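If you want the building blocks of each chain, they are given just below.
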Amino acid sequence: MRSEGAVVLLLAPLSVAIANNNRIHALLTGSATNHGGMAAGVTVPNPEQQARLLQAAWRDAGIQPRVLSYVETHGTGTALGDPIEVQGIKQAFADDGISSEKLCGLGAVKTQLGHLEAAAGIVGLLKTVLCLEHKQLPALLHFQQLNPHIELDNTPFYLTTEKQAWLANSYGRVAGVSSFGSGGANAHVVVTEYPATVHEQDWRSDAVFVLSAKTAEALSRYVECYLAWLTSAESIAVSLSQLCFTLQTGRVAMAHRLAMHVKDKQELISKLRQFQQAVTQDGVYYSHYKTSRPEHYDSTETTIASALSEGNLDKLALLWALGANITWLALYPDRKPQCVSLPTYPFAKQRYWLPGTPIPEQDAITEYQPQPLVLAPVWQHHEVKTTMRFAEQLIVLDAERDMQALIRQVDDKAVFVSLSEVSVNNPSSLCHLLWFAPSSLAVDTIAAQEQGVLTVFKLVKTLIAQGRAEKELIVTLVTTQTQAVFASEAVQPAHAGIHALAGVIAKEFPAWRIRLFDLEHGVTIPVQELLNVELSTTDSLAFRTGQWFQRVFIPLRAGPDSAPVYKQRGVYVVLGGAGGVATAWSEYVITHYQAQLIWLGRRPIDAELEQRLNRLSQLGPKPWYISADATELASLTQAYQTIKARFPVINGVIHAATAEFDDSLTTMSEAHFSLGIGGENNDLDAFINCMCRRRTRFSAIPVINGCLR
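Residues numbered from 1 in each chain as written. Predicted model: local features only at pLDDT ≥ 70, side-chain atom pairs only at ≥ 80, totals over all residues. Heavy atoms only, no water.

To continue, consider the overall build of the protein. Of the regular secondary structure elements, the protein holds 19 helices and 24 strands. Within the protein, counting contacts between residues at least 6 apart in sequence, those at least 24 apart form 74% of the total. Accessible surface, the protein as shown: approximately 38200 Å² in total, 53% of it carbon and sulfur. (Helix = DSSP H or I, 4+ residues; strand = E, 2+ residues; numbered from the N terminus. Contact = heavy atoms within 4.5 Å. Areas by Shrake-Rupley, 256 points an atom, 1.4 Å probe, with all protein chains shown as cover.)

Written as structure tokens, this is what we have:
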């Protein structure tokens with residue numbers, strides 16, 4: 001099961017952590033990475049390479065396999081991957097001799113959390129560190145039976161099917177953690193238990209206990225947390241100095257503050273209880289410093305410094321409670337207590353559900369199944385922020401004379417060139433390229449679309465040729481009336497694809513800052529703001545009625561069921577049927593509509609294609625495959641005659657011939673790009689029109705989807 005998550009670990013050299021008196025959770029004593037090499041597929045790992053990986057990590061840690069008492073496996077739960085991983089572990093242990101005594105547990109955090117994709121490896125490491133800390137190994141959840149291809153008899157391995165104490169062997173507690181990528185990348189680390197530190201005795205007779213929260217209610221809950229912790233066995237090993245030092249230096253100071261001067265933990269417990277009962281006490285200070293600061297309050301640096309130098313803890317407690325920023329480290333000039341784990345902030349338990357989404361009852365939460373959420377794009381008013389431009393050179397491409405005059409009023413050093421003349425070869429200069437899409441009011445939409453989108457593509461290719469692909473660059477693209485900001489607005493869709501193409505450029509060239517604007521037709525262009533407004537690469541802004549608008553996505557309430565898109569038992573011709581997009585679509589319409597499909601593809605039918613057709617035939621009518629070249633009139637004519645002879649009525653044509661456009665902008669040719677955005681193919685258009693009047697088109701290049709209406 002796929003899931004989502006994030007893990008943050010703080011890594012430091014052991015010597016640095018000891019010098020800083022940090023709390024050390026575990027030691028990473030060895031690591032290794034390698035690659036599985038060529039394999040039959042992304043789900044077919046290489047046991048020999050995995051075995052070499054483990055052995056390399058163990059050599060790096062300076063240990064023999066017998067030292068390990070636990071291995072956190074990658075453990076995807078697949079019928080093929082798990083046996084191969086176990087085989088790799090057995091091979092890695094073989095050089096040290098395989099024992100039949102069960103000494104090394106095998107587990108996987110995926111049984112608790114699912115597959116966290118990119119975070120899968122680091123969450124396995126976190127789990128292992130927590131196991132070391134608690135000296136326990138959790139059970140494999142949902143385990144029912146062992147994969148028949150995994151053989152653990154006569155090996156030292158056992159599955160941790162039950163929660164158990166992690167008993168140390170003669171080497172302590174040492175574990176290995178594996179993580180394997182679907183592309184063949186392998187990683188393994190050795191994790192060792194850090195020796196427990198001896199309980200630190202309090203080395204001063206008193207301390208200042210500080211606690212703060214956002215609200216008075218949260219502060220009260222926080223006090224309850226500490227009372228429960230202080231009266232539990234967990235707090236015994238923590239000294240008063242460690243406790244107070246951690247709170248002073250390791251927590252954010254918030255508005256509602258509680259500070260108390262105490263001599264030992266028993267006094268602290270007593271004062272916390274009396275605070276909960278609103279009993280006034282000496283040496284206990286509570287304040288909401290933003291509203292209750294005394295009239296003659298003095299928190300100057302001199303006052304604070306004096307209290308610190310004198311060690312006047314009572315005064316420091318009062319100053320902090322009233323809002324002063326205390327440099328607590330000044331109380332520990334020679335020796336710092338160690339930071340320790342303490343109860344964390346008691347967050348407000350509030351639910352945040354989208355408007356209109358039903359909130360399940362408390363006892364039904366585990367059974368609640370969230371429904372798919374449809375999001376719709378809308379434009380909202382946006383207050384823009386402007387900053388001084390930091391580019392050294394503004395280069396304006398293909399600007400008309402009126403536009404040049406407006407820009408010169410803002411930047412008299414701007415350079416105006418045509419696309420063929422653009423040059424940004426100076427590596428030391430941060431250039432800002434500004435391009436306005438040409439007007440598309442009175443020209444053919446398809447031709448205009450190709451000119452606008454194709455011009456941006458040519459600009460990208462020019463910049464790549466000039467060696468700017470990985471160099472910092474600002475590119476501002478401006479269109480007119482391509483986005484429907486208002487419901488009644490007439491959209492000019494010719495250059496809408498530029499907005500989607502800009503997103504592709506931003507992802508492929510992260511060093512470039514892509515800025516995207518859509519203006520209102522017939523109004524004065526706000527050049528000053530176009531050049532200076534702050535804009536994220538992932539955003540676009542529209543200028544309407546003298547205001548800026550930003551596109552956001554909101555939940556779309558489900559309306560009444562609409563008529564089916566496809567006809568039950570209908571007949572559909574699929575151009576590019578052998579491609580992945582067409583196969584996925586075919587599976588859907590065969591399953592739900594029992595449709596008869598005719599696949600047209602350039603490749604001749606082969607064993608792999610026949611196997612795919614046979615698989616689909618198990619869902620409904622078997623697709624009929626015809627080998628035809630969509631770029632040749634004779635081939636299309638023959639295909640048309642063959643299809644019509646067998647199926648006089650065609651209910652739709654699906655254009656999914658996208659395979660040849662599956663390429664990056666860096667390597668894509670202009671000819672292929674033109675085809676991808678809908679370049680003219682009159683023969684193909686005639687073929688489709690003769691087949692039927694209804695067509696659906698998929699595209700591998702997302703510029704097709706740029707016009708959101």
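Let us now look at the packing of helix α15 (residues 580-593) against helix α16 (residues 607-617). Running from N to C, α15 and α16 cross one another at 25°; their axes reach a closest spacing of 10 Å. In this view, α15 runs roughly parallel relative to α16, as classed from their interaxial angle. Regarding α15 and α16, the two cross each other, and that crossing is right-handed. Two secondary-structure elements touch here, α15 through Thr-583, Ser-586, Glu-587 and Ile-590 and α16 through Arg-612, Arg-615 and Leu-616. When grouped by side-chain class, the residues that make up the contact of α15 with α16 number two nonpolar, two polar and three charged. (Axes fitted to C-alpha atoms, helices over the stretch in contact; angles between N-to-C directions. Parallel < 35°, antiparallel > 145°, perpendicular 65-115°, else oblique. Left-handed = near helix turned anticlockwise from the far one by under 90°. Nonpolar A, V, L, I, M, F, W, Y, C, P; charged D, E, K, R; others polar.)

This next bit is on the sheet that holds strand β2 (residues 70-72). Taken in spatial order, the six strands line up as β1-β8-β7-β2-β3-β5 in an open sheet, and their pairing is mixed. The open sheet has two free edges, formed respectively by β1 (27-35) and β5 (157-159), since each of these has just one partner strand. The mean inter-strand angle of the sheet, taken between neighbouring strand axes irrespective of direction, is 20°. Across seven bridges, the pairing between strand β7 (residues 174-180) and strand β8 (residues 185-192) is antiparallel. Residue pairing for β8: Val-177 is matched across the bridge by Val-189. Contacting β2, β3 (104-107), β5 and β7, helix α3 (residues 81-94) crosses the sheet at an angle of about 150° to β5. (Pairing = 2+ DSSP bridges.)

The next subject is the sheet that holds strand β12 (residues 375-381). In a beta sheet, neighbouring strands pair by backbone hydrogen bonds and run either parallel or antiparallel. Taken in spatial order, the eight strands make up an open sheet running β12-β19-β18-β17-β16-β15-β13-β14, and their pairing is mixed. Strand pairing shows two members of the sheet lacking a second neighbour, β12 and β14 (415-417), which therefore form its edges. Neighbour-to-neighbour, the strand axes of the sheet open up by a mean angle of 25°, direction not taken into account. Its contacts with the sheet put helix α13 (residues 497-508) on β15 (431-436), β16 (473-480) and β17 (512-519), and the angle it makes with β17 is roughly 170°.

Throughout the structure, instances matching the rule amount to 15 salt bridges. As a salt-bridge pair, Glu-489 and Arg-544 come within 2.7 Å of each other at their nearest N and O atoms. Of this pair, Glu-489 sits in the loop between β16 and α13 while Arg-544 sits in strand β18 (residues 541-544); the two residues are 55 residues apart in sequence, bridging distant segments of the chain. Pair check on accessibility: Glu-489 and Arg-544 agree, each one buried. One salt-bridge network, held together by shared partners, links Arg-603, Asp-606, Glu-608 and Arg-612. (Salt bridge = Lys/Arg side-chain N within 4 Å of Asp/Glu carboxyl O. Buried < 20%, exposed > 50% of the residue type's maximum accessible area, 1.4 Å probe, protein only.)

Let's shift gears to the confidence of the model for the protein. Taken over all residues, the pLDDT of the protein has a mean of 83, while the share at 70 or more is 84%. Confidence, expressed as mean pLDDT per element, reaches its minimum in the protein at strand β24 (residues 695-697) with 51 and its maximum at β2 with 96. (pLDDT = per-residue confidence, 0-100.)

With that settled, the discussion passes to α13. Here α13 contains twelve residues, and its C-alpha end-to-end distance of 17 Å stays within 8% of the 16 Å for a straight helix at 1.5 Å per residue. By the burial criterion, the buried members of α13 are Gly-497, Ile-498, His-499, Leu-501, Ala-502, Ile-505 and Ala-506. (Expected span 1.5 Å × (residues − 1).)

A few words now on the packing of helix α2 (residues 47-61) against α3. Two quantities define a packed helix pair, namely the angle between the axes and the distance from one axis to the other. Between α2 and α3, whose axes approach to 8 Å, the crossing angle comes to 45°. Classified by the angle their axes make, α2 and α3 are oblique. Considering how the two elements wind past one another, α2 and α3 form a crossing that is right-handed. On α3, the residues touching Pro-47, Glu-48, Gln-50, Ala-51, Leu-54, Gln-55 and Trp-58 of α2 are Ile-84, Glu-85, Gln-87, Gly-88, Ile-89, Gln-91, Ala-92 and Phe-93. Along the lines of polarity and charge, the residues of the contact of α2 with α3 split into eight nonpolar, five polar and two charged.

On to the nonpolar core. The tendency in soluble globular proteins is for nonpolar side chains to be buried as a group. In terms of nonpolar packing, the biggest core is built from 48 residues, with Phe-209, Tyr-226, Leu-243, Leu-268, Leu-272 and Ile-326 touching the most fellow members. Here this core takes eight residues from helix α6 (residues 216-230), the largest share from any one element. Setting aside residues up to four positions removed in sequence, Leu-272 forms contacts with Phe-209, Val-223, Tyr-226, Leu-227, Leu-230, Leu-258 and Met-260. (Core = buried A, V, L, I, M, F, W, Y, C linked by side-chain atoms within 4.5 Å.)

A complete count under the given rule lists 20 aromatic pairs for this structure. Grouped by ring-pair contacts, the aromatic residues Phe-209, Tyr-222, Tyr-226, Trp-229, Tyr-345 and Phe-347 constitute a single cluster. One residue, Arg-257, lies across the ring of Trp-320, its end atom 4.9 Å from the ring centre. (Phe/Tyr/Trp six-rings, centres within 6.5 Å; stacked < 30°, edge-to-face > 60°. Lys NZ or Arg CZ within 6 Å of the ring centre and 35° of its normal.)

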